[in-house]
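This is what each chain is made of:
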Amino acid sequence: MNEEQRLENTQVKSADKKSEKDYSKYFQTVYMPPSLKDAKARGKETVAYHKDFAISEEFRGMGQGRKFYIRTYGCQMNEHDTEVMAGIFLALGYEPTNTVEDANVILLNTCAIRENAENKVFGELGHLKPLKQRNPDVLIGVCGCMSQEESVVNKILQKHHHVDMIFGTHNIHRLPNILNEAYLSKEMVIEVWSKEGDVIENLPKVRKGEIKAWVNIMYGCDKFCTYCIVPYTRGKERSRRPEDIIQEVRHLAAQGYKEITLLGQNVNAYGKDFEDIKYGLGDLMDEIRKVDVARIRFTTSHPRDFDDHLIEVLAKGGNLVDHIHLPVQSGSSDVLKIMARKYTREQYLELVRKIKEAIPTASLTTDIIVGFPNETEEQFEETISLYKEVGFDSAYTFIYSPREGTPAAKMQDNVPMEVKKARLQRLNAVVNEFSAQKMQEYVGQVVEVLVEGESKNNPDVLAGYTAKSKLVNFRGPKSATGQLVKVKITAAKTWSLNGEMVEEAAEVK
Ligand code: SAH
Ligand code: SF4
Ligand code: F3S
């Protein structure tokens, strides 16, 4: 169908409520509007484990002579979902491309965490409109966290008629069916499941690199921090079975991956949903550390569920890195309470003390929100003082962004935007100062760097990361890529280190 017909169709639809209703029936898609209300009324729906993912015979070869392009926004979870979707595209016979002009299918894998994340996506959708007009056969899809929001789906339906597909975070395994339907249908295909979520195993994946890999250990979040959209966009907390995770990690180690990051929105809640076994993140880490892989990380930790057993296991060191990302959000117990983080400033500091006692070399990084509704100057200063007291290596800092449907979005807010911006700047000054200081301490030291390849800015320079996630640029042979090498640090910047390779390590398994 051409663009004119499409516009005609969609215009009729948006002008006429009745035809809007009929439309979902006509295409027989599972059109269940995403609903924050349903998500909040989360019940005890049993998690289904599907181990039988396979590309159905009827879809094989669908991608013959076609190319796909996926643009990813947001967190590692989304990046990893993109790897899964790329795996499905390849299994369907599509080829990847790096340019939208070249693509037959364009997917935007979106993030809903803050308003500016969403604005970026709507901006990009605007840019894609002329491309769609030039080439009506190209399929444009919106997936990821924004698709789970009712308001976003409605906005796309009303204003972005050049979108062909919208699907959510619970059904990326349905990509072949969704594409097939988009090819056949004249209307936007919408398949967003407003459900609590299952666990789908055996999904194909095309990993972005050959050195570092992500492994999901759990999905969803049940914490419902009052500012956060994630529990609504990602469904309830559900853990993958330990044997499936360990098998995937072993497989990656055998393929030569050097670093594995275990992923979840709240990895410390891992295993809490198992009814048949008592098994937590500490138990999982204790088994995974025995796998022959150089570095193992996990993200993101929630302070509330960070238990002593996990600390004990992390203290065993070895391939378990001594860097922990532990988002605190605020240094004020009163603000933490309204955020529903379920810990106090004192409890956070006590956890930090325990971690440092058990792992003296541990470096900590964090996430902080400034300008939460009605945050006072004193409360903000408590955040600054907590930052200094913990001595974080670095932090991701954000101005609070109201998210529709979350409890915080309904709160009256007496903090003007200029004040929030000024607070962010003040906090960032402290963050930069601490980072520069921590970096300075490395000068003259020898660190172990996992080499990722040429530096972005200079092809004659290699770049890699230390166990504590410090970026190191240094001169060395290209053959060091993918290896762990020793580098002597010669200079420090605020966010990176410069050095000289002192020894080319033997092949690290
Ligand atoms: N699961 C992680 C956080 C994932 S979101 C955790 O609980 O730590 C990443 C970060 O985005 C959060 O840590 C928080 O600092 C920030 N964030 C989340 N919602 C936000 C909002 N509405 N406004 C501003 N920042 C937000
Ligand atoms: Fe959001 Fe809180 Fe869940 Fe993190 S723990 S994803 S901040 S609700
Ligand atoms: Fe964004 Fe969704 Fe991740 S909202 S931060 S992409 S879980």
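Residues numbered from 1 in each chain as written. Chains lettered and ligands numbered in written order. Predicted model: local features only at pLDDT ≥ 70, side-chain atom pairs only at ≥ 80, totals over all residues.

Caption draft 1: Quick peek at the overall build of the chain. A tally of helices and strands in the chain yields 15 helices and 21 strands. In terms of C-alpha radius of gyration, the chain reaches 24 Å, essentially the compact-globule figure of 23 Å for 509 residues. Across its three principal directions, the C-alpha atoms of the chain cover 65 × 55 × 50 Å. Pairs at least 24 apart in sequence give 76% of the contacts found in the chain among residues at least 6 apart. (Helix = DSSP H or I, 4+ residues; strand = E, 2+ residues; numbered from the N terminus. Rg over C-alpha atoms; globule rule 2.2 N^0.38 Å. Contact = placed C-beta atoms within 7 Å.)

Caption draft 2: Geometry of the pairing of strand β19 (residues 471–475). Both strand β18 (residues 462–465) and β19 contribute to a ladder of 4 bridges, which runs antiparallel. Counterpart to alanine 463 in the pairing with β19 is asparagine 473. In sequence, β18 turns back onto β19 through a hairpin of 5 residues, with serine 469 there showing a positive phi of about 65 degrees. (Pairing = 2+ DSSP bridges.)

Caption draft 3: Layout of the domain arrangement of the chain. Looking at the chain, the domain boundaries give domain 1 (3–191), domain 2 (205–440) and domain 3 (446–503). For domain 1 versus domain 2, the separation of C-alpha centres amounts to 29 Å. With 24 residues of domain 1 at the interface, the matching set in domain 2 holds 24 residues. Breaking the side of domain 1 that touches domain 2 down by element, the ones donating at least two residues are α3 (36–40) and α4 (76–91). (Domains from an automatic or database assignment.)

Caption draft 4: Region of the structure containing the site of ligand 3. Neighbouring ligand 3 are 13 residues, the closest being Gly74, Cys75, Cys111, Ile113 and Cys145. Every element with two or more residues in the shell around ligand 3 is listed here: α4 and α8 (230–234). With 3 residues, α8 is the largest single contributor of residues to the shell around ligand 3. In terms of residue class, the shell around ligand 3 is made up of 8 nonpolar, 4 polar and 1 charged. No fewer than three residues from each of domain 1 (3–191) and domain 2 (205–440) sit in the shell around ligand 3. (Near = placed C-beta within 6 Å. Nonpolar A, V, L, I, M, F, W, Y, C, P; charged D, E, K, R; others polar.)

Caption draft 5: Looking closely at the site of ligand 1. If you check the shell around ligand 1, you find 17 residues, and the closest are Tyr227, Pro327, Asp367, Phe398 and Ser401. Each residue belonging to the shell around ligand 1 can be placed in one class, and the counts come to 8 nonpolar, 6 polar and 3 charged.

Caption draft 6: Expanded view of the packing of helix α14 (residues 377–390) against helix α15 (residues 417–440). Running from amino to carboxyl end, α14 crosses α15 at an angle of 10 degrees, the nearest separation of the two axes being 10 Å. Here α15 runs roughly parallel to α14, going by the angle between their axes. Where α14 approaches α15, its residues Phe380, Thr383, Ile384, Tyr387 and Lys388 are matched on the opposing element by Arg423, Leu427 and Val430. Classifying every residue of the contact of α14 with α15 by side-chain character gives 5 nonpolar, 1 polar and 2 charged. (Axes fitted to C-alpha atoms, helices over the stretch in contact; angles between N-to-C directions. Parallel < 35°, antiparallel > 145°, perpendicular 65-115°, else oblique.)

Caption draft 7: Region of the structure containing the UniProt feature "binding site: [4Fe-4S] cluster 2" (unreviewed entry) in the chain. The UniProt record marks Cys221, Cys225 and Cys228 with the feature "binding site: [4Fe-4S] cluster 2" (unreviewed entry), using the residue numbering of this structure. Along the chain, cysteine 221 turns up in the loop between β10 (218–219) and α8. Among all residues touching cysteine 221, those that are not within four sequence positions of it are Val230, Pro231, Arg234, Glu237, Gln265 and Asn266. Looking at the secondary structure, you find cysteine 225 in the loop between β10 and α8. Those residues within four positions of cysteine 225 in sequence are excluded, and the remaining contacts are Met339, Ala340 and Arg341. (UniProt positions renumbered as here; feature names shortened; annotations may be inferred.)

Caption draft 8: Structural view of the sheet that holds strand β4 (residues 105–110). Spatially, the 6 strands line up as an open sheet ordered β3-β2-β4-β5-β6-β7, and their pairing is parallel. Every other strand in the sheet has two partners, leaving β3 (95–96) and β7 (189–191) as the edge strands with one partner each. Packing of α4 onto the sheet brings it into contact with β2 (67–72), β3, β4 and β5 (139–144), and relative to β2 it is tilted by some 175 degrees. Contacts from helix α7 (residues 175–184) reach β4, β5, β6 (165–167) and β7, with the element oriented near 155 degrees to β7.

Caption draft 9: Layout of the packing of helix α9 (residues 242–254) against helix α10 (residues 281–288). The interhelical angle for the contact between α9 and α10, taken along N-to-C directions, is 30 degrees, at an axis separation of 11 Å. Between α9 and α10, the angle is such that the two are roughly parallel. Note on packing geometry: the crossing formed by α9 with α10 is right-handed. Residues Pro242, Ile245, Ile246 and Val249 of α9 pack against Leu284, Glu287 and Ile288 of α10. Looking at the contact of α9 with α10 residue by residue, the classes come out as 6 nonpolar, no polar and 1 charged. (Left-handed = near helix turned anticlockwise from the far one by under 90°.)

Caption draft 10: How the structure looks around the sheet that holds strand β9 (residues 212–216). A sheet is described by the order of its strands in space; here 3 strands give the open sequence β9-β12-β13, paired in parallel fashion. Strands at the two margins of the open sheet, each flanked by one partner only, are β9 and β13 (295–299). The mean inter-strand angle of the sheet, taken between neighbouring strand axes irrespective of direction, is 25 degrees. Two elements, strand β12 (residues 259–263) and β13, share 5 bridges in a ladder whose sense is parallel. Considered in β13, the bridge of leucine 262 is made with phenylalanine 298. Against the sheet, α9 engages β9 and β12, with an angle of about 170 degrees to β9.

Caption draft 11: Up close: helix α13 (residues 345–358). Between its terminal C-alpha atoms α13 stretches 20 Å, which fits the 20 Å expected from 14 residues at 1.5 Å a residue. Of the positions making up α13, those classed as buried are Arg345, Tyr348, Leu351, Val352 and Ile355. Axial view of α13: buried residues confined to an arc of 125 degrees, hence all on one face. Facing away from the buried side of α13 by more than 90 degrees, the exposed set consists of Glu346, Arg353 and Glu357. Tucked inside the fold, the buried residues of α13 contact α11 (308–314), β14 (323–325), α12 (333–339), β15 (363–370) and α14. (Expected span 1.5 Å × (residues − 1). Buried ≥ 20, exposed ≤ 12 C-beta atoms within 10 Å, placed from the backbone. Arc of directions from axis to C-beta.)

Caption draft 12: Spatial organisation of the confidence of the model for the chain. Taken residue by residue, the chain gives an average pLDDT of 90. The fraction at 70 or more is 91%. Long-range and interchain partners of residues 1–30, a stretch whose pLDDT sits below 50, account for 29 contacts in this model, where long-range means more than four residues apart. (pLDDT = per-residue confidence, 0-100.)

Caption draft 13: Molecular detail of the UniProt feature "domain: MTTase N-terminal" (unreviewed entry) in the chain. With numbering matched to this structure, UniProt assigns "domain: MTTase N-terminal" (unreviewed entry) to residues 66–184. Taken end to end, residues 66–184 is 47% helix and 19% strand, and its first and last C-alpha atoms sit 16 Å apart.

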